[in-house]
Every structure is written in C-alpha cells, then in structure tokens.
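# Structural overview
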Amino acid sequence: MKFWTTAAAMMLATTAYADTCATGKTLTDGVLTVATGNPAYYPWVMDDAPESGKGFEAAVAYAVAAEMGFGADAVTWVRTSFDQAIQPGAKDFDINMQQFSITPEREEMVDFSVPYYTSAMAVLTTKSVVDGGAMAEVSSLKSLIWGADANTTAVPMLQDLIAPEKDPLLYDDNADVTAAMQAGQIDAALFDLPTALYLSAVVLNDGALLGQFPADRSENPDQFGMLMEEGSALKECVDAAITSLSESGKLAEIEAEWMQATTGVPLIK
Amino acid sequence: MPQQTRRQIFEARQRKRANTIAAISTIAVFAAIILLIPLTPGWENVKRSFFNGAVFAKTFPGLLEAFVMDVAIFLWCAPLIAALGLAVAIARDLRNPAFYPLRLFAIAYTDIFRGLPVILVIYLIGFGIPGLGLPRPWNSPYIWGSLALVLVYSAYVAEVIRSGIESIHDSQRNAALSLGLSGGDAMRFVILPQAVRRVVPANMNLFIALQKDVALLSFIGPVEIFRQAGVYKSLMANFTPYVGAALIFLALTIPATRYADYLMNKQSKARS
C-alpha cells in the first residue's frame, strides 16, 4: 500500500513540474528566485521594477525562467549588492543578474552561467572635454584624467585598452562617477555601452559618448553572466536555457527590444 | 637576600596563583576558538573568501603601494588639524566682549562639524565645491577631501584642547595677569603649555581615528588602500584583500595605540 501511495505522489510531482531539470534545485520548490541590484538601472530594468518584466535583464530573466519551466508567476525577485552576491554561505537567490562580468578569478569563487550579453566598452565624457580637443583615438585618450566604477571590470580594461598617463580615480557607483565628471575632476569614464548611453543621455548635463571599443577588441570582452552559488546544481539548467534562447534567436529579439541602437557610436581608433 | 616577611610570601603566592589561572583560562579560550571554528559547516567557504592565501599573496604588494597614499594624506592633514583645532579652542576661550562673534563662530563650528557624519562632509566639500566651477588643479579631490577631514577633525581636537584649557585653574591665569602678563601672554606662556600637555593622550586617540578615516577619501576618487582592496575584491569576488588592508592598518595603529596608552599611564602616575 505504501509503495502505491509513494508512486502516486511521485507521479503527481512529475506532472506538476513536467519536463524541468530545475525541479528540487531551487531555494523554494517550484519558484525561481532572481536577484537584481538595488536600485536596478535602466536599460537593464525599467523603473527599478523587475516584476514588470520590462528592461533587458528583467525580460531575459523571465524568458530563461519560462525555458526552465517556471511561469511568470513562479518568479520572485530579491535585491542584493555585489558584495552580498559573493559572500560565503547560503545565498538568498537562485540566480543573480546585475551585469556581472564573467572573469576567471571570479569563477573560482562563484558560478556563472554562459553569457547572456556581450558588451562593448564605451567612453563617457562631457561636451566641454570634446570641445577641448579630445578625439576618439587611443593616443588622445591617454592624456585625459580617467574615472571608473571601482566594482566593475572597467578598471583593468582601462589599463588594457587605454593605459592612461595619470592614475584613474575610482568611485563606488555611477552616481559618484557622474558627480566627479560634473565637478570637472575627471574627463572621461569607461562603462559598458548601454550604461554609458543611459548616463550620457539622462544623468549627465552635457554628456557625450566619445566612442566605443567593440567587444571583439579586448582580449577578454565584457560578457555578462548570471551569478550562482559555487557548485550550484542549477547551473546546467540555466546554461541550457540561455543556450536554447540564443539559438532560437529569442535572446537577440529581447536585446533588440530593450537596448538602444548602439551603431551610432563611433569606434575608437 | 633579606628574610621575606610572611606578608611578602603570601603576596608572592597569590600572584603566582593569579598568573596560573590567567594562563589556563587564556589557553582554554584560544584552544576553543582554534578548534571549534574550523568545525563549523561553513568554515571552508569563509576561509576561501576571507583568508585565501593565493589571493593574499597576489594583492598584498598592491595594497602596500596604495597605503603610501593614506600615509601621505595623513601627514599633510595632521599638522593642519592641530593648528586649526588650537585656533578654534583659543577662539572659544576669548574673554574680551568685542570678540564675542568670534566665540560664537567657534561654538557653531564645533557643534556643526562634530554633529555631521564625516562621509557627508567629504561628499559635500569634495564634490560640491569643485562643482562650483573651479579650474584644475584647484578642483582636485585631494585638496577638498583633505579639507573636509581637516574641518571635521579640527572640531574634535578643538574640544579636547578646550577641555584642557578649562582644566587649568583660573588662579593660574589670575596669577599670570597680576604678574603683569597680558591676556595673550598668559594664555601662551602659562595656560597652554599645561593644557596641551594634559590632553596629549586624548589627542593621540583622535589621530589614530584619523588614520583610519583617511580611507573615507576614497569615496570621492583617490585610490588609497581601502579602494584598492575594493577593486581586488570586485575582480576576484573575494574578501581577502580587505583582510590584507586591515593587517596593514593594524601594523600602524597598534603601536600608536600602545604609545597613547603608555603616555596616559605615565601621566596618571605623575599626577598621583
């Protein structure tokens, strides 16, 4: 008798989560917990409301969840900082997406999915610096005073791509970088292209995009992956979902919907 | 050796007993910490994130290099703080009614800057004043960030010095005045030498605190040790660089703290 009830329960369970490899691997059964930044920025998440599914990362999260067998109502959101995402111990999210660049050093401490976006790096500056003679050429960029967000891979990229003459100044977040630029303390800053587009159009008073380094330009381009706990059982399913999304062209579709056209930004020589 | 009194023998035995107990309890506590913590389920993860030998070796030289910046900022701030603190303390003690506005200003200054969080002052002055449109190099975050530290710490130092001035009995001042010294000379030759000496240990504590708060300047751009550790942390997803930075700070602050304690002890002995 016991055997039959167990079998029946198992059958029920399999029908409830039919055809998912994620079953039993999430924090809460049947629910995918996704983490994003606090606040989450445009164009990654619109209006800091990931639940709406609007914005590139929010849309990708729901698409990946659907691919893994989670309906839109089975996705919950939490907020973490970068430090919370990498702290040792139990995580309160299944996947964390806030433009985390995949690097080999980080891979040693946490797991990353396959990349869901590859970003070009862009030079954010102000119109007055451009008027002052800065050009989209590495030789001209070297003499500028640079800034960057200290928590991003823009810091080593800056040395890689430009190798400025003066030591760059580093800040905690986008808001501080733009404040320093407005105060004239830095001339230019390196960001991933979508963030740079947003900052120059919305946040900076006389922002300008001097140019971009296309993704294939640097040795290890800035690729964003979903962050998971080291040794996460979920990684396989997430990878499979992202791969299938990119093969079916769905990922490119989401990108086209939420990312501004980046073709207008000149390449840096 | 002279014959020990019964009391001396008793006291020696008591001391020995106290030392033994202290040693046993210390060993027991340390053994518990060293043996028990690694038994916790998350210890391996914590060790990998915070006490990672490979990451430590890779980042430590860069951290040391960045620490030079901290020392430099400290070195140019400290004398300015001492000077401004002293000036404000004296301003608060001015007795001539004509100087009342100055006194009022000094009171407002110490109240405001002791009441504000250091980080807010650094943001406000470090980004705000250059934002008014100063040309380079006068908008440098080093200049204005340092000024923010000087303003905040001078307020504390001023209060400490003032407490020293007030601890000198009024009869000293009166005696100096009756000997024909001017008010300024009485302050300079009679009050201050005694007052400043009394508050040296308290000021030492403030300068130890300043040593650590120098790291707050990183919020407005300068890449000092704390920021450099943050960059490493971000690139390697590992908190070990912060531990390295902490060790470097400790190497400087512990001797300084011990020295302040020594001064304080010496002073209390001299007074008793």
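Residues numbered from 1 in each chain as written. Chains lettered and ligands numbered in written order. Predicted model: local features only at pLDDT ≥ 70, side-chain atom pairs only at ≥ 80, totals over all residues.

### So, the interface of chain B and chain A
When the parts come together, some accessible area is lost, and that loss is often what is quoted as the size of the interface. Note the following rule: Any pair of residues counts as being in contact when their C-beta atoms, constructed from backbone geometry, are within 7 Å of one another. Strands are runs of DSSP state E lasting at least two residues, helices are runs of H or I lasting at least four, and both sets are numbered from the N terminus onward. Ten residues, namely Ala, Val, Leu, Ile, Met, Phe, Trp, Tyr, Cys and Pro, are considered nonpolar, four, namely Asp, Glu, Lys and Arg, are considered charged, and the remaining ones, Gly among them, are considered polar.
Chain B puts 24 residues into the contact, and the matching count from chain A is 27 residues. Breaking the side of chain B that touches chain A down by element, the ones donating at least two residues are helix H2 (43-50), helix H5 (118-131) and helix H10 (225-236) of chain B. No other element matches H10 of chain B, which puts 6 residues into the side of chain B that touches chain A. The residue makeup of the side of chain B that touches chain A, split by class, is 12 nonpolar, 9 polar and 3 charged.

### Topic: the confidence of the model for chain A
For the record, the criterion: Within a predicted model, pLDDT stands for the predictor's per-residue confidence, ranging from 0 to 100.
Chain-level pLDDT for chain A is 85 on average; 90% of the residues reach the 70-or-more range. The low-confidence segment residues 10-18 of chain A, where pLDDT is below 50, has 3 contacts with residues more than four positions distant or belonging to other chains.

### Brief notes about the pairing of strand S1 (residues 32-36) of chain A
Residue and element names in this part refer to chain A. Test applied: Between the buried cut of 20 or more and the exposed cut of 12 or fewer other C-beta atoms within 10 Å of a residue's own C-beta lies the partly exposed class, and all C-beta atoms are placed from the backbone. When DSSP locates at least two bridges between a pair of strands, those strands are taken to pair. Whether a crossover is right-handed depends on one test, that the path from the first strand over the helix to the second runs clockwise when the strands point away from the viewer.
Among the 5 residues in S1, 4 count as buried, and that is most of the element. Of the pairings in the sheet, the one linking S1 to strand S2 (residues 75-79) comprises 5 bridges and is parallel in character. Counterpart to Ala35 in the pairing with S2 is Val78. This β-α-β element, S1 to helix H2 (residues 56-67) to S2, shows right-handed connectivity.

### Re the nonpolar core
Under the convention used in this document: Core membership is restricted to buried Ala, Val, Leu, Ile, Met, Phe, Trp, Tyr and Cys residues, and these are joined into a nonpolar core through C-beta atoms within 7 Å.
Core analysis: the largest hydrophobic core is formed by 141 residues, its most contacted members being Val64, Ala122, Ala180 and Ala189 of chain A. Here this core takes 14 residues from helix H6 (residues 141-167) of chain B, the largest share from any one element.

### Regarding the environment of Arg92 of chain B
Residues and elements named next belong to chain B. Mapped onto the elements of the fold, Arg92 is located in helix H3 (residues 53-92). With 21 C-beta atoms packed within 10 Å, Arg92 lands in the buried category. Sequence-wise, Arg92 and Thr110 are 18 residues apart; in three dimensions their C-alpha atoms are separated by 9.7 Å. With residues near it in sequence (within four places) discarded, Arg92 still touches Arg103, Ala106, Ile107 and Arg162.

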